[in-house]
Amino acid sequence: MAWDEWEQLKASAAQKQATGMQLNGLPPEDRPNAGGPQGDLRVDQQDLAAIGDKAFTLYNRLWKEARVVSTDTTASDLTSQGFELGGALAHVATRWDRQLASVMDACALISNHMDFTKNAHQGDEYFIQRHVSSIDTLDAGFDESYAPPGEKNPVYGEKEKDEKGKGGS
């Protein structure tokens, strides 16, 4: 093997290793919907509400339209008349009811979870807003440029004066 060939093989291997894996994220061309350089997932209250509403609507439609109450009666009538089809129909009806209940439970879970998530995040927003506003007030008290030297910082207000106009003791 010639020296030039060896150098080419080394360069080729180094290039393959350099582009083989990226642990810090996808290249920009592979993330068209990433939402910015960080690729943060964003969901607002309207999105959560829409998902919850659709799940609730599906649950109600399944309750009204997918349940087949007459199948049990038909299966028992066929069985009492000596038809083996009655047992098979009862088996199918039982399986259908189980599957329908599973789908309805999933819809209820999604709807309830979206409501819970919406309320939990709203509570987080209020909590963060309260703490950030109190930090701003505290920070203003330490800001040296907020009041000229020798004067009191107005952020803290003035001490109450007694009736004689003297400062309180």
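Just above, that's the structure.
Residues numbered from 1 in each chain as written. Predicted model: local features only at pLDDT ≥ 70, side-chain atom pairs only at ≥ 80, totals over all residues. Heavy atoms only, no water.

1. A word on the overall build of the chain
Counting its secondary structure elements, the chain contains four helices and zero strands. By residue count, 13% of the 169 residues in the chain fall in the buried class. Counting contacts in the chain only where the partners sit at least 6 residues apart, residues at least 24 apart contribute 47% of the total. Accessible area of the chain: about 14,700 Å², with a carbon and sulfur share of 56%. (Helix = DSSP H or I, 4+ residues; strand = E, 2+ residues; numbered from the N terminus. Buried < 20%, exposed > 50% of the residue type's maximum accessible area, 1.4 Å probe, protein only. Contact = heavy atoms within 4.5 Å. Areas by Shrake-Rupley, 256 points an atom, 1.4 Å probe, with all protein chains shown as cover.)

2. Structural notes on the nonpolar core
Membership of the largest hydrophobic core is limited to five residues, which are Leu62, Ala66, Leu100, Met104 and Cys107. Mapped by element, the contributors of at least two residues to this core are α2 (45-66) and α4 (85-142). Looking at this core element by element, the count peaks at three residues for α4. (Core = buried A, V, L, I, M, F, W, Y, C linked by side-chain atoms within 4.5 Å.)

3. Side note on the pattern of salt bridges
Any two side chains of opposite charge can pair, so long as their charged atoms come close to each other. Throughout the structure, instances matching the rule amount to two salt bridges. For the salt bridge of Glu7 with Lys10, the shortest nitrogen-to-oxygen distance reads 3.6 Å. Residue Glu7 and its partner Lys10 are located together in helix α1 (residues 3-20), separated by three residues, close to a single helical turn. Put simply, Arg61 and Glu65 hold a salt bridge, and the shortest N to O gap is 3.0 Å. In this pair, Arg61 and Glu65 both sit in helix α2, four residues apart, roughly one turn of the helix. Look at Arg61 and you get partly exposed, because its relative accessible area is 48%. (Salt bridge = Lys/Arg side-chain N within 4 Å of Asp/Glu carboxyl O.)

4. Observations concerning α2
If you check α2, its first and last C-alpha atoms are 30 Å apart, about what 22 residues at 1.5 Å a residue would give, namely 32 Å. Buried within α2 are the following residues: Leu48, Gly52, Ala55, Leu62 and Ala66. Seen along its axis, α2 keeps its buried residues to an arc of 110°; they face one direction. Those residues of α2 that are exposed and angled more than 90 degrees off the buried face are Gln46, Lys54, Lys64 and Glu65. (Expected span 1.5 Å × (residues − 1). Arc of directions from axis to C-beta.)

5. Observations concerning the side chain of Thr71
Within the fold, Thr71 resides in helix α3 (residues 70-80). Each residue touching Thr71, except ones within four places of it in the same chain, is listed here: Leu89 and Ala93.

6. With respect to α3
For α3, the full list of buried residues reads Thr71, Ala75 and Leu78. Down the axis of α3, the buried side of the element spans an arc of 70°, and every buried residue falls inside it. Residue Gly82 follows α3 closely and has a positive phi angle near 90°.

7. Quick notes on a nonpolar patch on the surface
A surface patch of nonpolar side chains, about 380 Å² in accessible area, is lined by Trp3, Trp6 and Leu9. Topologically, Trp3 is positioned in helix α1. We classify Trp3 as exposed; its relative accessible area is 62%. (Patch = residues over 30% accessible without salt bridge, like charges linked within 9 Å, V, L, I, M, F, W, Y side chains within 5 Å.)

8. A closer look at the packing of aromatic side chains
Applying the stated criterion to the full structure yields zero aromatic pairs. Sitting over the face of the ring of Trp63, Arg67 holds its NZ or CZ atom 3.7 Å from the ring centroid. (Phe/Tyr/Trp six-rings, centres within 6.5 Å; stacked < 30°, edge-to-face > 60°. Lys NZ or Arg CZ within 6 Å of the ring centre and 35° of its normal.)

Spatial relationships are all this shows, so hold off on functional conclusions.
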